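# Per-entry structural report
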Amino acid sequence: MFGTLKAFAFVAATLSASVVLGAATASDGGVIITLPPRSKDVGIKKVPDAAHPFIAPGPNDQRGPCPALNTLANHGYIPRNGIASFEEILAGTREGFNMDRDLAGFLAGFSMMARGNAFLNKLSIGSVSPQIPVVPGAIDGPAPPGGIAKHDRFEGDVSMTRQDFNVGDDVHFQIDLFDEFLSAIEEFGDDNALHGPKSIVNMKVMQEFKFQRFQESQAADKTVSFHSSRIASSYNEAAFILTFFANGTDGLLSKQALTSIFQNQTFAPNWFRRSSPGTFDFIVDTAAEVLAPHPIQPGANVNGVYVLDPTDTSCNAAYSDFVLNNLPHTLNNVTNPTFKKNIQTLLKIVATPFGCPELLPAGPVGQ
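Thresholds, definitions, all that
- Residues numbered from 1 in each chain as written.
- Predicted model: local features only at pLDDT ≥ 70, side-chain atom pairs only at ≥ 80, totals over all residues.
- Heavy atoms only, no water.
- Domains from an automatic or database assignment.
- Buried area = accessible area lost by both parts, 1.4 Å probe.
- Salt bridge = Lys/Arg side-chain N within 4 Å of Asp/Glu carboxyl O.
- Polar contact = N/O pair within 3.5 Å; in protein donor to acceptor, adjacent residues only side chain to side chain.
- Helix = DSSP H or I, 4+ residues; strand = E, 2+ residues; numbered from the N terminus.
- Pairing = 2+ DSSP bridges.
- Contact = heavy atoms within 4.5 Å.
- Axes fitted to C-alpha atoms, helices over the stretch in contact; angles between N-to-C directions.
- Core = buried A, V, L, I, M, F, W, Y, C linked by side-chain atoms within 4.5 Å.
- Buried < 20%, exposed > 50% of the residue type's maximum accessible area, 1.4 Å probe, protein only.
- Parallel < 35°, antiparallel > 145°, perpendicular 65-115°, else oblique.
- Left-handed = near helix turned anticlockwise from the far one by under 90°.
- Nonpolar A, V, L, I, M, F, W, Y, C, P; charged D, E, K, R; others polar.
- Phe/Tyr/Trp six-rings, centres within 6.5 Å; stacked < 30°, edge-to-face > 60°.

## Examining the domain arrangement of the chain
Here the domain parsing of the chain yields domain 1 (56-154 + 319-366) and domain 2 (156-309). If you average the C-alpha positions of domain 1 and of domain 2, the two centres end up 22 Å apart. Regarding the contact of domain 1 and domain 2, the summed buried area is about 2600 Å², with carbon and sulfur atoms giving 61% of it. For the interface between domain 1 and domain 2, the tally reads one salt bridge. R273 is the partner of E95 in a salt bridge, and the nearest nitrogen-oxygen pair spans 4.0 Å. Here domain 1 and domain 2 share 14 residue pairs in polar contact (both at pLDDT 80 or more) between them. Counting residues per element, the ones that place at least two in the side of domain 1 that touches domain 2 are α1 (67-74), α2 (86-97), α3 (101-115) and α9 (317-326). With six residues, the top contributor of residues to the side of domain 1 that touches domain 2 is α1.

## Side note on the sheet that holds strand β8 (residues 196-201)
Spatial ordering of the open sheet is given by β7-β8-β10, a layout of three strands whose pairing is antiparallel. In the strand order of this sheet, the two ends are held by β7 (190-192) and β10 (253-254), each with one partner. Here β7 pairs with β8 via two bridges, running antiparallel. By the bridge assignment, N192 is partnered in β8 with G196. Across the sheet, helix α4 (residues 175-188) is in contact with β7 and β8; its angle to β8 comes to roughly 120°.

## What to know about the nonpolar core
Counting 88 residues, the largest nonpolar core has F97, F181, V201, M206, F245, L258 and F322 as its most contacted members. Mapping this core onto the domain boundaries places at least three of its residues in each of domain 1 (56-154 + 319-366) and domain 2 (156-309). Excluding its chain neighbours within four sequence positions, the residues that come into contact with V201 are F181, I185, M206, L242, L253 and L258.

## Quick look at the packing of α4 against helix α5 (residues 203-220)
At a minimum axis distance of 9 Å, the contact between α4 and α5 shows a crossing angle of 140°. For the element pair α4 / α5, the angle class is oblique. As α4 runs across α5, the sense of the crossing is right-handed. Residues L177, E180, F181, A184, I185 and F188 of α4 lie in contact with α5, whose contacting residues are K204, V205, M206, E208, F209, Q212, R213 and E216. The class makeup of the residues in the contact of α4 with α5 is eight nonpolar, one polar and five charged.

## Here we look at the packing of aromatic side chains
How two aromatic rings sit relative to each other is given by the distance of their centres and the angle of their planes. In total, this model carries 26 aromatic pairs according to the counting rule given. Note on F240 and F244: the rings are 4.6 Å apart at their centroids and 45° apart in plane angle, and the pair reads as tilted. One end of the pair, F240, and the other, F244, are both in helix α6 (residues 228-244), four residues apart, so they sit about a helical turn from each other. Accessibility expressed as a relative area gives 8% for F240, which makes it buried.

In structure tokens, the structure reads:
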């Protein structure tokens, strides 16, 4: 989901004089993570501009299961090698899609703790990278961070265009699943004078296609996992597509624009980002509308039978699941000053949009 980042000056006695792309290198070798101020550049804008041409990724560039992030990397809105800092992800998603800071902060902050190196402020939008070593103390196991392409924690089952982990390829674009998406547009989409009959992705398309994908995963994957955080991620993904992939000139998501980002990982011709920032609350409300006609309760398949999770009485079931079950509990034991400060910063950023009391990680290590 995620440019060139303007440098943020951050100077303190414990920091070195090296400040690059908003990241201040500390005396212990770590990189301080900071939450930038909200940008005032929040209006409609043609994307890409001349400074961000499409360049296909090279053999060593990281790409993963998120078409938005892949597209941003292909245009240089985030580093083209697919290794990005927290601040670069926020800047890229804002510039490319006009994503609000708190929404981008949650997505990048959780991903950094779950699948990146929060000491060095590096996250792969794909898989394991030699540029991102094991986190200090190997607190999440002896292997380097898996990147967002690694199954569970963030990316998971019931994807629109990737198979479930236990069924097939859960990282790369699957044309057969995208063809199902196109078929849903043919059945439920809107007509448009410019793009033709059945050419516009509307709410009904997303409602029916998302439920179809759940039914397919439940039938094919005897261990499908669809707990609260994954339901939130999966349906927020649908809301993200409706909200951020639509052309800002008319608010419509054409089949052409959808195909351009999903299949070609580039922006469509004459495409403009939305005219106002897409916020966390707007995405959550849109996701709820996508889910409403076919409600799905959190659960998982056990021997092929979908078993519901116990009722959650916390402030927010998705937030609790994200932090308590998907962030390793060893993050609480970090002693390195920079690493500890970064974890504290990111945990606060992740909690903020939910409006819930901040929780401490309690999930397993090395998953």
